[in-house]
Amino acid sequence: MGKYRIRVATGDSLLAGSSNLVQLWLVGEHGEKDLGKILRPIRIREVQLEVEVSLYLGRLLLVKLRKHKSLVGFDWFCKWIAVQGPGTQGEAFFPCYRWVQGNEIICLPEGTARTVRDDPQNQFKKHREKELEERRKVYRWGFWKEGLILPIAGNTQWDLPRNERFLEDKDLDFSLSLAKGSDIRSSELTASSHLMSLERVRNCWKDDALFGYQFLNGANPMLLRRSTSLPSRLVLPPEMEDLKTQLEKELQTGSLFEADFSLLDGVKPNVIIFKQQYVAAPLVMLKLQPDGRLLPMVIQLQPPRNGCPPPVLFLPSDPPMAWLLAKTWVRSSDFQLHQLQSHLLRGHLIAEVISVATMRSLPSLHPIYKLLIPHFRYTMEINVLARSNLVSKWGIFDLVVSTGSGGHVDILQRATAGLTYRSFCPPDDLADRGLLDVKSSLYGQDALRLWGVISRRYVEKMVSLFYKSDGAVKDDPELQAWCREITETGLQGAQDRGFPISLESRAQLCHFITMCIFTCTGQHASTHQGQLDWYSWIPNGPCTMQKPPPISKDVTEKDIVDSLPNLHQARTQKTFIKFLGRRQPVMVALGQHKENYFSDPGPQAVLKQFQEELAALDKEIEVRNAGLDLPYEYLRPSMVENSVTI
């Protein structure tokens, strides 16, 4: 019995409010009270109510709400509800952060995170089960192409759950910017924090040093690896004995590296407006200089074929036009693998699997749900838009990219078959590729440091609050179901490539969660943010090549020009690169989300410390970059978005 003070917060967006009446219930340990239709959340960001309740409810467990439509129903975005009164021991906080639609009853549990074991009296058991049952009806696995990981069901953004769609500020910015296309203002580009001026690439794209640098710190730093032997595909003719000696010398000293594009071998090239396009599968051998520069030694544009003469090997000592054309072919091949394997698959699509599996397997009370949910914002809609506009039939790839019209799907299928768990964890991936001790790999340095901050300063501390032993991890049925949902269902049986199907210890859980967060944040940022810098100057990353790879070194400047994208293709590439790479006005940096899913002080303190560690790392990178000729900023925490949104 007594008076309750209730605060209700509506979302900040223009259309978050509703003129419909909202009915509230308070549910406590000892009873439930219907407060009636006492709320009309029109535009006021926060409403305060006071109600007298004749029952003693005890500790509050849930707030239930239901929106009643009159002639017209208007959705309402509720941020949270806070209640103070008898039995609340201060103010009880009930996070929501979702749309209230129709006339369904929504149950908001008090914001203290709880695993199943944390609810010995089963006070929330029915709520957890019902919530997941309803979520699985809404968040259904879909199908896109054979041999690929699973997406969310739905062909357009309108098929998605309302809570996964853009709010109007993001939707307006996205739609207007897409409509403006090539008219995106230069101020939107120059105001961004991207590392390079476009003039630098334009002026230096022919330089071997810049060519090698991009394998370390460019748009696609995921392909380079230290050589452990000379690749079997590198057939050296007798007259190149000196080159073989040089390669073996670099190999012995550990300074020989390779970038192998064999994944592209045999991919069917596109035909654009009745004109054949071309694809190559190069191999580049590079040497790491004592000063940290990575310089190309030899380029092979195609693997050897049985019954055919060995492919031509291009060298830095070749005629300048021949060497430049060979490098341009490599840059075009890197464009294909970057956009499809490193960016779309490893960034966008994996993040989508993690987000859908989380929504299907973890109730909103679960601490890991609360930890991960800020990192899924807008991911499902941006991926649906990519599938329906970028890699769809008659999408951008079909219209202007050499691997469009089916080749891009073939590449995605091949890349999916090779996805390994270790490759998503920078400490393992960089070790496997021999890059841990390469100081000029700024991507590698920053990826390791960012992974460490996420792991040690955030995930491990959060996990320790809710799992006091390895047994607590093993005995959490929701957690185990979540892990299986990701590996067996979303990733279509990836356990044979190292992804876990069960979590046996706190250390294993922390590693897995860190992988999830890093994939949705740093991994995507490292392959997304460089597009504007490296691909705006078309010869440095041509979306297509219009003549076949050269088979001799008799190359003219006209041969290079004729091989590059035509004017329409170049303009289209420049337009969508500017659109994707521009500064995002609606951007939440890593760890800076405002949503408060935890009501208990422990997690809030951990998040605050995480933010402080991110700020310190950001400053360290800023200071480091000040002394560099080419600053690397793609993994500065202030530049890394909190989720995959573009």
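Residues numbered from 1 in each chain as written. Predicted model: local features only at pLDDT ≥ 70, side-chain atom pairs only at ≥ 80, totals over all residues. Heavy atoms only, no water.

A. A look at the overall build of the protein. Across its full length, the protein carries 20 helices and 15 strands. Structurally, the protein occupies a C-alpha span of about 95 × 50 × 45 Å along its principal axes. Sequence separation of 24 or more characterises 75% of the internal contacts of the protein that already satisfy a separation of 6 or more. Accessible surface computed for the protein: about 26400 Å², of which carbon and sulfur atoms make up 53%. Where the 78 positive side-chain charges of the protein centre and where its 73 negative ones centre are 4 Å apart. (Helix = DSSP H or I, 4+ residues; strand = E, 2+ residues; numbered from the N terminus. Contact = heavy atoms within 4.5 Å. Areas by Shrake-Rupley, 256 points an atom, 1.4 Å probe, with all protein chains shown as cover. Lys, Arg positive; Asp, Glu negative; His and termini not counted. Charge placed at Lys NZ, Arg CZ, Asp CG, Glu CD.)

B. Looking closely at the packing of helix H7 (residues 320-361) against helix H9 (residues 379-390). The geometry of H7 relative to H9 is characterised by a closest axis approach of 9 Å and an angle of 135° between their N-to-C directions. Comparing their axes, H9 and H7 come out oblique. The two elements H7 and H9 meet at a crossing, and its hand is left-handed. For the pair H7 and H9, the contacting residues are His348, Leu349, Ala351, Glu352, Ser355, Val356 and Met359 in the first and Thr379, Met380, Ile382, Asn383 and Arg387 in the second. (Axes fitted to C-alpha atoms, helices over the stretch in contact; angles between N-to-C directions. Parallel < 35°, antiparallel > 145°, perpendicular 65-115°, else oblique. Left-handed = near helix turned anticlockwise from the far one by under 90°.)

C. Expanded view of the nonpolar core. Phe215, Trp482 and Ile513 are the most contacted members of the largest nonpolar core, which has 154 residues in total. Considering each element in turn, this core owes the most residues, 20 residues, to H7. Ignoring any residue separated from it by four or fewer positions in sequence, one finds Ile513 in contact with Ile368, Leu371, Leu372, Val459, Val463 and Trp482. Of all hydrophobic cores here, the second largest spans 26 residues; its members include Val8, Leu35, Phe94 and Val100. (Core = buried A, V, L, I, M, F, W, Y, C linked by side-chain atoms within 4.5 Å. Buried < 20%, exposed > 50% of the residue type's maximum accessible area, 1.4 Å probe, protein only.)

D. Local environment of the sheet that holds strand E8 (residues 105-109). As summarised here, the arrangement of the 4 strands in space is E3-E2-E5-E8, forming an open sheet in which the pairing is antiparallel. The open sheet has two edge strands, strand E3 (31-39) and E8, and neither has a second partner. Pairs of neighbouring strands in the sheet enclose a mean axial angle of 20°, with direction left out of account. (Pairing = 2+ DSSP bridges.)

E. Expanded view of the pairing of strand E5 (residues 60-68). Extensive coverage of E5 is indicated by the burial of 8 of its 9 residues. Sheet topology places strand E2 (residues 21-28) next to E5; 8 bridges connect them, and they run antiparallel. Bridge pairing in E5 places Gln23 opposite Arg66. Bridging between E5 and E8 involves 5 bridges; their strand directions are antiparallel.

F. Focus on the UniProt feature "binding site: Ca(2+)" (unreviewed entry) in the protein. The sites that carry the UniProt feature "binding site: Ca(2+)" (unreviewed entry) are, in the present numbering, Gly17 and Asp75. Taking the farthest pair of C-alpha atoms as the criterion, the annotated set spanning 59 residues converges on one region, since that pair is 7.4 Å apart. Tracing the sequence through the fold places Gly17 in the loop between strand E1 (2-10) and E2. Since its relative accessible area comes to 17%, Gly17 is described here as buried. Considering the arrangement of structural elements, one finds Asp75 in the loop between E5 and strand E6 (76-84). There is a polar contact of 3.4 Å between the side chain of Asp75 and the side chain of Gln101. (UniProt positions renumbered as here; feature names shortened; annotations may be inferred. Polar contact = N/O pair within 3.5 Å; in protein donor to acceptor, adjacent residues only side chain to side chain.)

G. Up close: the packing of aromatic side chains. Going through the model one piece at a time under the given rule, you end up with 17 aromatic pairs. Pairing Tyr213 with Trp534 gives two aromatic rings, centres 6.1 Å apart and planes at 40°, and the pair type is tilted. On the criterion of sequence distance, the pair formed by Tyr213 in helix H5 (residues 208-217) and Trp534 in helix H17 (residues 531-535) is long-range, its members being 321 residues apart. With respect to class, Tyr213 is no different from Trp534; both count as buried. An angle of 25° between the planes, with centres 6.1 Å apart, marks the rings of Phe466 and Phe598 as stacked. Here the residue Phe466 occupies a position in helix H13 (residues 442-466), and Phe598 occupies one in the loop between helix H19 (567-581) and helix H20 (601-626), the gap between them amounting to 132 residues. You can call Phe466 buried: its relative accessible area is 13%. Joined through ring pairs, the aromatic side chains of Tyr421, Phe424, Trp482, Phe499 and Phe512 make up one cluster. (Phe/Tyr/Trp six-rings, centres within 6.5 Å; stacked < 30°, edge-to-face > 60°.)

H. Structural context of the environment of Asp437. Mapped onto the elements, Asp437 comes out in the loop between helix H12 (426-432) and H13. For Asp437, a relative accessible area of 58% puts it in the exposed group. Taking the C-alpha atoms as reference points, Asp437 and Thr527, separated by 90 residues in sequence, lie 21 Å from one another. A distance of 2.6 Å separates a polar atom in the side chain of Asp437 from a polar atom in the side chain of Arg226.

I. Just the sheet that holds strand E7 (residues 91-100), in detail. Ordered by their spatial adjacency, 4 strands build an open sheet running E4-E1-E6-E7, and the pairing between neighbours is antiparallel. Every interior strand has two partners, whereas the edge strands, strand E4 (46-53) and E7, have only one. The sheet shows a mean angle of 20° between the axes of neighbouring strands, direction not considered. Note: E1 against E6, 6 bridges, orientation antiparallel. Following the sheet pairing, Thr10 is matched in E6 by Cys78.

J. Structural detail: unusual backbone geometry. Here Tyr97, not a glycine, exhibits a phi torsion of approximately 50°, which is positive. Structurally, Tyr97 can be placed in strand E7. Of the residues examined, Tyr97 reaches a relative accessible area of 13% and is grouped as buried. Here Ile273, not a glycine, exhibits a phi torsion of approximately 50°, which is positive. Among the secondary structure elements, Ile273 is positioned in the loop between strand E11 (271-272) and strand E12 (275-276). Here Ile273 falls in the exposed class, since its relative accessible area comes to 68%.

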